[in-house]
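In case you want the letters, here they are:
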Amino acid sequence: MLTFIGLGLYDERSITVEGRDALRAADRAFAEFYTSKLIGTTVEELSEHHGVDIEVRDRAGTEQDPTPILDAAEEEDVVFLTAGDTMISTTHVDLRLRAVERGIETRVVHGVTAQSAASGLTGLQNYRFGKAVTLPFPYAHGGDDVPQSVIDSVEANLERGLHTLVYLDIKAHREEYMTASTAAEMLADGWEDQLAVVVARAGSPDPFVAADRLSALADREFGDPLHMLVIPGDLHHVEAEALETLGGCPAELLDPL
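Residues numbered from 1 in each chain as written. Predicted model: local features only at pLDDT ≥ 70, side-chain atom pairs only at ≥ 80, totals over all residues. Heavy atoms only, no water.

1. Some words on the overall build of the chain
The line we're drawing: Where helices and strands are cited, they refer to DSSP runs of H or I of at least four residues and of E of at least two residues respectively, numbered from the N terminus. Based on C-alpha atoms, the radius of gyration is set beside the globule rule, defined as 2.2 Å times the residue count to the power 0.38. Relative accessibility decides the category of a residue: with a 1.4 Å probe and only protein chains considered, values under 20% of the type maximum give buried, values over 50% give exposed, and everything between is partly exposed. We call two residues in contact whenever any of their non-hydrogen atoms come within 4.5 Å of each other. Exposure was quantified through the Shrake-Rupley algorithm and a 1.4 Å probe, taking into account, for residues, occlusion by the shown protein chains and nothing else.
The helix and strand inventory of the chain stands at 10 helices and 12 strands. The globule rule puts the C-alpha radius of gyration for 257 residues at 18 Å, and the 19 Å found for the chain is close to it. A principal-axis box enclosing the C-alpha atoms of the chain has dimensions of 60 × 35 × 30 Å. Taken over 257 residues, the chain has a buried fraction of 51%. By sequence separation, contacts in the chain at least 24 residues apart represent 74% of the contacts at least 6 residues apart. Accessible area of the chain: about 12,100 Å², with a carbon and sulfur share of 46%.

2. A few points about the sheet that holds strand E11 (residues 208-213)
Paired through their backbone hydrogen bonds, the strands of a sheet run either parallel or antiparallel. Stated formally: DSSP bridges decide pairing: two strands pair if at least two such bridges lie between them. All axes are obtained by fitting lines to C-alpha atoms, using only the stretch in contact for helices, and the reported angles, taken between N-to-C directions, cover 0 to 180 degrees.
With respect to topology, five strands assemble into an open sheet ordered E6-E7-E12-E10-E11, the strand pairing being mixed. Whereas interior strands pair on both sides, the edge strands pair on one side only; in this sheet they are strand E6 (133-135) and E11. Going from strand to strand, the sheet's axes swing by 25° on average, the running direction of each strand aside. Sheet analysis places strand E10 (residues 195-200) next to E11, joined by six bridges and oriented antiparallel.

3. Looking at the nonpolar core
Selection criterion: Put simply, a nonpolar core is a bunch of buried Ala, Val, Leu, Ile, Met, Phe, Trp, Tyr and Cys residues held in one set by side-chain atoms that sit within 4.5 Å of each other.
Ranked by internal contacts, the top residues of the largest apolar core, which has 26 residues, are Leu135, Leu168, Leu187, Leu214, Leu217 and Leu229. Contributing elements (two or more residues each) for this core: E6, helix H7 (148-159), strand E7 (164-168), helix H8 (180-188), E10, helix H9 (214-217) and strand E12 (227-231). With six residues, the top contributor of residues to this core is H8. In terms of nonpolar packing, the next biggest core, distinct from the first, is built from 21 residues, Leu9, Ala118, Val199 and Val230 among them.

4. What to know about a negative patch on the surface
Let me state the cut-off plainly: Patch membership needs two things, relative accessible area over 30% and no salt bridge, and members are linked within 9 Å if like-charged or within 5 Å if nonpolar (Val, Leu, Ile, Met, Phe, Trp, Tyr). Basic side-chain nitrogens of Lys or Arg form a salt bridge, by our definition, when they fall within 4 Å of a carboxyl oxygen of Asp or Glu. His is not counted here, nor are the chain ends, while Lys and Arg score as positive and Asp and Glu score as negative. Charge positions are represented by NZ for Lys, CZ for Arg, CG for Asp and CD for Glu.
Negative charge collects at one region of the surface, where Asp144, Asp145, Glu185, Asp189 and Asp219 lie side by side. Looking at where Asp144 falls in the secondary structure, it is placed in the loop between E6 and H7.

5. A short note on unusual backbone geometry
Between Pro225 and Leu226 the backbone carries a cis peptide bond, its omega angle lying at 0°. Of note, Leu226 is situated in the loop between H9 and E12. You will see that Glu175, though not glycine, has its phi angle at about 55°, which is positive. Turning to its location among the elements, Glu175 is positioned in the loop between strand E8 (170-171) and strand E9 (176-177). Positioned with a positive phi, Arg201 is a non-glycine residue whose angle comes to about 60°.

6. Concerning the environment of Ala83
Relative to the helices and strands, Ala83 resides in the loop between strand E4 (78-82) and helix H5 (93-101). Placed 50 residues apart in sequence, Ala83 and Phe33 show a C-alpha to C-alpha distance of 6.9 Å.

7. Focus on helix H1 (residues 17-25)
Residues lying three or four places apart along an α-helix face the same way, a consequence of the helix completing one turn every 3.6 residues. Keep this limit in mind: It is the directions from the helix axis to the C-beta atoms whose arc is reported.
All buried positions along H1 are accounted for by Gly19, Ala22 and Leu23. What you see down the axis of H1 is that its buried residues fit within an arc of 100°, all on one side. In this structure, H1 carries Val17 and Ala25 as exposed residues pointing more than 90 degrees from its buried face. Turning to H1, the residues buried within the fold contact strand E1 (2-6), strand E2 (28-31), helix H2 (43-50), E4 and strand E5 (106-109).

8. Looking at the pattern of salt bridges
Applying the stated criterion across every chain yields a total of 15 salt bridges. Ionic pairing is found between Arg128 and Glu239, a salt bridge with its closest N-O pair at 3.0 Å. Taken together, the residues span a long stretch of sequence, with Arg128 in the loop between helix H6 (114-122) and E6 and Glu239 in helix H10 (residues 237-247) at a distance of 111 residues. Glu239 shares its class with Arg128; the two are buried. The partner of Arg174 in a salt bridge is Glu176, with the nearest N and O atoms 2.8 Å apart. On the basis of relative accessibility, which here comes to 44%, the residue Arg174 falls in the partly exposed class. On the basis of relative accessibility, which here comes to 25%, the residue Glu176 falls in the partly exposed class. A single network of salt bridges, built from pairs that share partners, joins Arg28, Glu55 and Arg57.

9. Observations concerning the sheet that holds strand E3 (residues 54-56)
If you walk across this open sheet you meet the five strands as E3-E2-E4-E1-E5, and the pairing is parallel. The open sheet is flanked by E3 and E5, the only strands paired with a single partner. Between one strand and the next, the sheet's axes are offset by a mean angle of 25°, whatever the strand orientation. Here E2 runs beside E4; their pairing, made up of four bridges, is parallel. Across the sheet, residue Ala29 finds its bridge partner in E4, namely Val79. Set on the sheet, H1 makes contact with E1, E2, E4 and E5; between it and E5 the angle comes to about 135°.

Here it is, written out as structure tokens:
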């Protein structure tokens, strides 16, 4: 049996009750934290809290050489852990398909995602979001600006009146996390006066939301990671009120439908 478990957004307590029970009942636990991580805890604290040993796999050990995970799952009850939800953004469908091909039973225990948290914390309605994008560090894509694919996706969403969730690049192996102010500065080169919303530390005891022009957000600090950015499209009047009330958005930037 191979069970994929989403750990949620912040610390060792963010997992669902179903996920906790499956983790504690497992014979063996693997995890990856290269796509995202739980900022509010460590692997050691996670292991101690749930009373299990957790073997952390790097990208190559997960995507290119998953054989040890699959071999174990053929003989034992194995869990595979990720931050957030194991099949949203941190997608491991390939690993699941490999397991199925080998006749290994699989299941998914979902966790809270950054995608749902961005909607819940900002008051922006989740069904009004278009395609999400990831904004990479400039050095990560060999350029010194915003990739054209990101620009095209944001503009396409805006043309349709849809919100864009912008995931910000992380390099977890060296504790490097793009900040919302850095992201806002990068995007302000093309959309200086564009309304945007910062979501910081979703899932933690002190989440933070701020809405303003990209140029204004670029000059602010938003504290500890992880950060996300939302570029709103057309606003329902309730969404506009939420951004003003929950995110401190200047009223002159709001033009609800």
